[in-house]
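Descriptive structure summary
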Amino acid sequence: MKKNVIRTTGRRKASTAQVKMTPGTGKITVNGKDVNEYLPFEVLVMDLKQPLVLTGTENQYDIDVTVRGGGYSGQTGAIRLAIAKALLIADEDTDPSSPNAFRKILKVEGMITRDPRAKERKKYGLRKARRAPQFSKR
């Protein structure tokens, strides 16, 4: 395995993303497709690239993503977390107390924290997690 390859995993809702980050020109592929082709909305692509934009590394790394489970929003969140983790590994040599450290930049914006919110389970006697059947007085 090459020394410059960074592999990380990110999770969000029911999605799991595995990211392989290598030095390059800024090309992002998701499940073998270009990111703009895979994700249907430009807002999701912007959300996915946020860690790269914040750290100013948009055109420094090629990112290859394998993502499974969930919908587009959950997959985007999982990829974003994995990219943020990979950037932290890439920036290990920088002094963490310096204002330009990736950890400081990403932590302030909440990119390092995994979002624990997930769908609540359905309970018996209810239609969904909390939705009760319609009540009829008579």
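Residues numbered from 1 in each chain as written. Predicted model: local features only at pLDDT ≥ 70, side-chain atom pairs only at ≥ 80, totals over all residues. Heavy atoms only, no water.

This part covers the packing of helix α2 (residues 42-55) against helix α3 (residues 72-90). Between α2 and α3, the least distance of the axes is 8 Å, while the angle of their chain directions is 10°. For the element pair α2 / α3, the angle class is roughly parallel. The interaxial crossing formed by α2 with α3 has right-handed handedness. Here Leu44, Asp47, Leu48, Gln50, Pro51, Leu52 and Thr55 of α2 lie close against α3, whose contacting residues are Tyr72, Ser73, Thr76, Ile79, Arg80, Ile83, Ala84 and Leu87. Residues belonging to the contact of α2 with α3 are distributed by class as follows: 9 nonpolar, 4 polar and 2 charged. (Axes fitted to C-alpha atoms, helices over the stretch in contact; angles between N-to-C directions. Helix = DSSP H or I, 4+ residues; strand = E, 2+ residues; numbered from the N terminus. Parallel < 35°, antiparallel > 145°, perpendicular 65-115°, else oblique. Left-handed = near helix turned anticlockwise from the far one by under 90°. Contact = heavy atoms within 4.5 Å. Nonpolar A, V, L, I, M, F, W, Y, C, P; charged D, E, K, R; others polar.)

Next up on the list: the side chain of Thr57. Along the chain, the position of Thr57 falls in the loop between α2 and β5 (61-68). We classify Thr57 as buried; its relative accessible area is 2%. If we ignore the near neighbours within four places in the chain, the residues touching Thr57 are Leu52, Leu87 and Phe102. (Buried < 20%, exposed > 50% of the residue type's maximum accessible area, 1.4 Å probe, protein only.)

What follows concerns the sheet that holds strand β3 (residues 28-30). Strand order across the open sheet formed by 5 strands is β1-β2-β5-β3-β4, with mixed pairing between neighbours. Of all strands in the sheet, those with a lone pairing partner are β1 (6-12) and β4 (33-34), marking the two edges. Of the strand pairs in this sheet, β3 and β4 are connected by 2 bridges, and their pairing is antiparallel. Looking at β4, one finds that Thr29 is bridged to Asp34. Here α3 sits on the sheet and contacts β1, β2 (15-23), β3 and β5; the angle it forms with β1, its principal contact strand, is near 145°. (Pairing = 2+ DSSP bridges.)

All we've got here are geometric facts, nothing functional implied.
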